[in-house]
Amino acid sequence: FYSYSPQPSLIDHCYFEKYKDVAVVMNGTITNTEFADNSTAVATMDYDSPLMQGNYFHDNSAGISTYYTSSNNPLSISNNTLCNNISGINNRTAAKVYAYNNCWCTNDSAMIAATVFDYWNDFSKGEVKFVPFTQNCALSGDVGIISNSEHINLFSLFPNPATNHLTIQLASPTHETVLEVDSTE
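What you see as residue numbers is a count from 1 along each chain, following the sequence as written. Local features in a predicted model are, by the rule used here, given only for residues with pLDDT of at least 70; side-chain atom pairs are given and counted only at 80 or more, and totals for whole chains, interfaces and linings are based on all residues. Side-chain numbers come from the whole structure's heavy atoms, not from hydrogens or water.

When DSSP finds two or more bridges between two strands, those strands count as paired. The helix and strand labels rest on DSSP assignments: H or I over at least four residues marks a helix, E over at least two residues marks a strand, and numbering proceeds from the N terminus. With parallel pairing, the 4 strands of this open sheet are ordered in space as β2-β5-β8-β11. Because the sheet does not close on itself, it has two edges, and the strands there are β2 (15-17) and β11 (81-83). Ignoring which end each strand starts from, the neighbouring axes of this sheet average 5° apart. By the bridge criterion, 3 bridges tie β2 to strand β5 (residues 34-36) in an arrangement that is parallel. Residue pairing in the sheet places glutamate 17 in a bridge with alanine 36 of β5. All axes are obtained by fitting lines to C-alpha atoms, using only the stretch in contact for helices, and the reported angles, taken between N-to-C directions, cover 0 to 180 degrees.

The following block contains the structure:
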């Protein structure tokens, strides 16, 4: 899925995996979508009011690469989970990027900064503002398979970690599925 269109688009509840170039060229809004093991998950270009929130970026070379952001309509990257990416956010522009309230799967701002490429790596680039970030983005309960006599991969669960939204995807059609959740706080 390599999309370029002058018209704003909405990508919601999708999954992009193993793209060797760019999974999505952003034009509009991306929400509740998972990006796994891509060269670059999302590249932003010259668009009005871009919005990225509620997404899960993991195991990508670059989670988000900004190639253009308007100073009138800055890129909004908020309430996402960015874990285990070589580059969580790579700002290739001179404009600031606002990436507040994201989960980075660590509470160490130095470790987060190590996955952000911006002004502090190249003075010709704009700064990525990532503080404040979400400090508690781990699952609050254990998820396990109680009985799995026929299937090894009964379901997949994402994002992991999660806070208030969790997706369960069954490996195959089934007549009956019982999910027991034991949550501890």
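On the surface, Tyr119, Trp120 and Phe123 cluster together into a nonpolar patch covering about 400 Å² of accessible area. One can find phenylalanine 123 in the loop between β14 (116-117) and β15 (128-129). Excluding any residue in a salt bridge, patches collect residues exceeding 30% relative accessible area, merging like charges within 9 Å and nonpolar Val, Leu, Ile, Met, Phe, Trp and Tyr side chains within 5 Å. For every accessible area listed, the method is Shrake-Rupley and the probe measures 1.4 Å; residues are considered covered only by the protein chains on display. Think of a salt bridge as a Lys or Arg side-chain nitrogen and an Asp or Glu carboxyl oxygen that are within 4 Å of each other.

This part takes up the nonpolar core. Only buried Ala, Val, Leu, Ile, Met, Phe, Trp, Tyr and Cys residues count toward a nonpolar core, and they belong to the same one when joined by side-chain atoms within 4.5 Å. Using a 1.4 Å probe on the protein chains alone, a residue whose accessible area is under 20% of its type maximum counts as buried, one over 50% counts as exposed, and one in between counts as partly exposed. Ranked by internal contacts, the top residues of the largest apolar core, which has 24 residues, are Phe35 and Met52. Per-element accounting of this core gives the leading share, 3 residues, to strand β3 (residues 22-26). Residues count as neighbours in contact if any of their non-hydrogen atoms are within 4.5 Å of one another. Ignoring anything within four residues of it in the chain, the contact list for methionine 52 reads Met26, Ile30, Val42, Thr44, Phe57, Ile64, Leu75, Ser76, Ile77, Ser78 and Asn80.

What follows covers the packing of aromatic side chains. A pair of aromatic rings is counted whenever rings of Phe, Tyr or Trp (Trp by its six-membered ring) have centres within 6.5 Å, and the orientation is called stacked for planes under 30 degrees apart, edge-to-face for over 60 and tilted otherwise. Considering all chains together, one arrives at 8 aromatic pairs under this definition. Measuring from ring centre to ring centre gives 4.9 Å for tyrosine 119 and tryptophan 120, while their planes differ by 85°; the resulting arrangement is edge-to-face. Aromatic rings pair up to connect Phe16, Tyr19, Phe35 and Phe57 into one cluster.

With that settled, the discussion passes to the confidence of the model for the chain. On a range of 0 to 100, pLDDT expresses the predictor's confidence in each residue. On average, the chain scores 77 in pLDDT, and the residues at 70 or more come to 63%. Across the chain, element-level confidence peaks in β14 with a mean pLDDT of 96 and bottoms out in strand β16 (residues 141-142) with 36. Below pLDDT 50 for its whole length, residues 138-153 participates in 22 contacts with residues either more than four positions away or in separate chains.

Time to look at the sheet that holds strand β6 (residues 40-44). The sheet built from 5 strands is open, its strands ordered β3-β6-β9-β12-β14 with parallel pairing. Each edge of the open sheet is held by one strand with a lone partner, namely β3 and β14. Sheet analysis places strand β9 (residues 62-66) next to strand β12 (residues 87-91), joined by 4 bridges and oriented parallel. By the bridge assignment, threonine 66 is partnered in β12 with asparagine 91.

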